[in-house]
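Listed below, chain by chain, are the residues.
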Amino acid sequence: AKGGLKTMGEAFDRGLVLVMSLWDDGATQMRWLDSSFPAGEQRGKPGVSRGPCDGSTSSSAQVRQEHSSASVKYTNIMYGEIGSTTSADGRRAGVLLI
């Protein structure tokens with residue numbers, strides 16, 4: 001079998017903890033997220049192109065220098081069973097906000 005969907009589903013059944021953070025990646029310069037990865041591979045090779053960024057401005061040193069005051073604020077986070085956090089028209093349903 002390919003992929004990890006079955007294993008991921010099993011993990012969901014056991015329950016997961018939501019973790020959110022703001023970080024950078026000195027090892028791969030975040031290329032795995034929205035650029036080409038592994039670096040040096042041809043973009044046309046299956047699995048290499050992961051987004052439109054060219055990766056030229058994603059080094060940890062540059063990100064930290066140019067965005068040293070970066071921060072994040074997470075608000076209006078909803079959780080619940082799939083489909084329970086919004087109504088049919090897309091508005092929030094009566095759920096617990098944290």
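The present account deals with the structure reproduced in this document. These numbers were taken from a predicted model, which means no experiment stands behind them.

Observations concerning unusual backbone geometry
Between Phe-37 and Pro-38 the backbone carries a cis peptide bond, its omega angle lying at 0 degrees. Mapping Pro-38 onto the fold places it in the loop between helix 2 (31–34) and helix 3 (60–66). You will see that Met-30, though not glycine, has its phi angle at about 60 degrees, which is positive. Structurally, the position occupied by Met-30 is in the loop between helix 1 (5–14) and helix 2. For Met-30, a relative accessible area of 17% puts it in the buried group.

Observations concerning the packing of aromatic side chains
In total, this model carries one aromatic pair according to the counting rule given. Ring geometry for Trp-23 against Trp-32: centres 6.0 Å apart, planes inclined by 15 degrees, an arrangement best described as stacked. Residue classification places Trp-32 among the partly exposed residues on the basis of a relative accessible area of 33%.

About the thresholds
Residues numbered from 1 in each chain as written. Predicted model: local features only at pLDDT ≥ 70, side-chain atom pairs only at ≥ 80, totals over all residues. Heavy atoms only, no water. Helix = DSSP H or I, 4+ residues; strand = E, 2+ residues; numbered from the N terminus. Buried < 20%, exposed > 50% of the residue type's maximum accessible area, 1.4 Å probe, protein only. Phe/Tyr/Trp six-rings, centres within 6.5 Å; stacked < 30°, edge-to-face > 60°.

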